[in-house]
Amino acid sequence: MSKWGDYGVPPAQSPFAVHATIVMHYLNGAYYPVGGAGSIAQSVKTIVAAQGGRFLLNREVTEILIENGRAVGVNVRKVNAPIESPLETYYAPIIISNTGGAITYLKLIPADYPISFRESLRQFVQKYAPTTNVTLYLGLADDPRWRSLPERESLGFQGENHWIYESIDHDATYEQRKQWIFTDRVPQCYISFPSLKDPQATAHTAEIIAWVDYEAFTQWQTQPWLHRDADYQQLKERIGQMLIQQVDRHYPGFAKLVAYPGPNSRGHFPTASICNSSKRN
């Protein structure tokens, strides 16, 4: 049952067929790209470049351009650029949006362009808000299969993913995403160890994910990424420590492995980021 987190919809809202498909997929294990997820983009970069294409990094699409009823291009802004900076415009014969229906039709397509289902989509999104999460990326001081030296006792991790729940009432757990960051206990989290899956990994890493309501972060949505105020940084630090402690309660010794927030980890590993598939905060 715990794997409902893979698609982000709690049991009361998800079809059994969807859940069964996910469970069947993982029964015999799953695949992980050698070199990490970035290797997927790198593997096609040469092919794209050979066809005259380019990869543009650190760009945020602000608008899909429409002419004569067709999408013909996009306006983009450089990430972290001043708000008054000029936009960049790119045209192409085919425009593909992978941000989801809500962002595409309610944000990127101009509001004055007629879309028959725009209002019904808006109402649907208001009733069923997109699932959002916090992700904590960690650098580890030692192999996560073992407690830190000198004990070297097994923690039980072998590279698999772990779903941790404080209750078997999964629907109630999902509802707690709206307020847990203001309490002292995380109701649910997922932990994974990319370095144990990747034979090319040169350092040990982990990532912890927990559902959280996006509304808790809307006060910072206009502040640039990596340049947010002290209140945001304090909240981020607190959430990170809560996630580490939750895992440590279930797997004693895990917290001792964490290099973050030591001085060496900040230069090499991200700390915590607020992100999801439909909003980037």
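Procedures and definitions
- Residues numbered from 1 in each chain as written.
- Predicted model: local features only at pLDDT ≥ 70, side-chain atom pairs only at ≥ 80, totals over all residues.
- Heavy atoms only, no water.
- Pairing = 2+ DSSP bridges.
- Helix = DSSP H or I, 4+ residues; strand = E, 2+ residues; numbered from the N terminus.
- Axes fitted to C-alpha atoms, helices over the stretch in contact; angles between N-to-C directions.
- Salt bridge = Lys/Arg side-chain N within 4 Å of Asp/Glu carboxyl O.
- Buried < 20%, exposed > 50% of the residue type's maximum accessible area, 1.4 Å probe, protein only.
- 1 Å grid on protein atoms, 1.4 Å probe; cavity = no way out; pocket = protein on both sides within 12 Å on 5 of 7 lines; lining within 4 Å.
- Points joined across faces, edges and corners; volume = space filled by probe spheres on them.
- pLDDT = per-residue confidence, 0-100.
- Contact = heavy atoms within 4.5 Å.
- Nonpolar A, V, L, I, M, F, W, Y, C, P; charged D, E, K, R; others polar.

## Let's talk about the sheet that holds strand β1 (residues 59-67)
With antiparallel pairing, 3 strands are arranged side by side in an open sheet as β1-β2-β3. Two strands close off the open sheet at either side, each with one partner strand: β1 and β3 (88-91). Direction aside, neighbouring strands of the sheet carry axes that sit 30° apart on average.

## So, the pattern of salt bridges
For the structure on display, the rule yields 6 salt bridges. A salt bridge links D143 to R145, with the shortest nitrogen-to-oxygen separation between them at 2.6 Å. Look at D143 and you get buried, because its relative accessible area is 10%. One salt-bridge network, in which partners are shared between bridges, spans E175, R177 and K178.

## Considerations on the layout of surface pockets
Computed from the structure, the second largest pocket encloses a volume of approximately 740 Å³. What lines the second largest pocket is a set of 22 residues, and nearest its centre among them are Y26, N161, Y190, S192 and K197. Elements represented by at least two residues in the lining of the second largest pocket include exactly β6 (188-192), α6 (194-197) and β7 (205-211). Here the lining of the second largest pocket takes 3 residues from β7, the largest share from any one element.

## Some remarks on the confidence of the model for the protein
In this model, the protein carries an average pLDDT of 85, and 90% of its residues clear a pLDDT of 70 or more. Mean pLDDT across the elements of the protein ranges from a minimum in strand β8 (residues 272-275), with 42, to a maximum in β3, with 95. Note that residues 262-281 has pLDDT below 50 and, in this model, 47 contacts with residues that lie over four places away or in other chains.

## A look at the pairing of strand β2 (residues 70-78)
Where β1 and β2 come together, 8 bridges link them in antiparallel fashion. Bridge pairing links I66 to A71 in β2. Hairpin geometry of β1 and β2 is characterised by an intervening segment of 2 residues between the two adjacent antiparallel strands and by a positive phi of about 55° at N68. Pairing between β2 and β3: 4 bridges, direction antiparallel. Bridging across to β3, V74 finds its partner in Y90.

## Looking at the environment of Y128
Inspection of the secondary structure puts Y128 in the loop between α4 (118-127) and β4 (133-139). Classification of Y128 by relative accessible area gives partly exposed; the value is 40%. Sequence spacing of Y128 and L257 is 129 residues, and the spatial spacing of their C-alpha atoms is 38 Å.

## Comments concerning empty space enclosed by the protein
Within the structure shown, the criterion is met by 1 cavity of 30 Å³ or more. Here the largest cavity defines a volume of roughly 40 Å³. Forming the boundary of the largest cavity are T173, Y174, R177, W180, V186, P187, Q188, A210 and W211. Sorting the residues of the lining of the largest cavity by element identifies α5 (170-175) and β7 as the ones contributing at least two each. Within the lining of the largest cavity, the residues separate by chemical class into 6 nonpolar, 2 polar and 1 charged.

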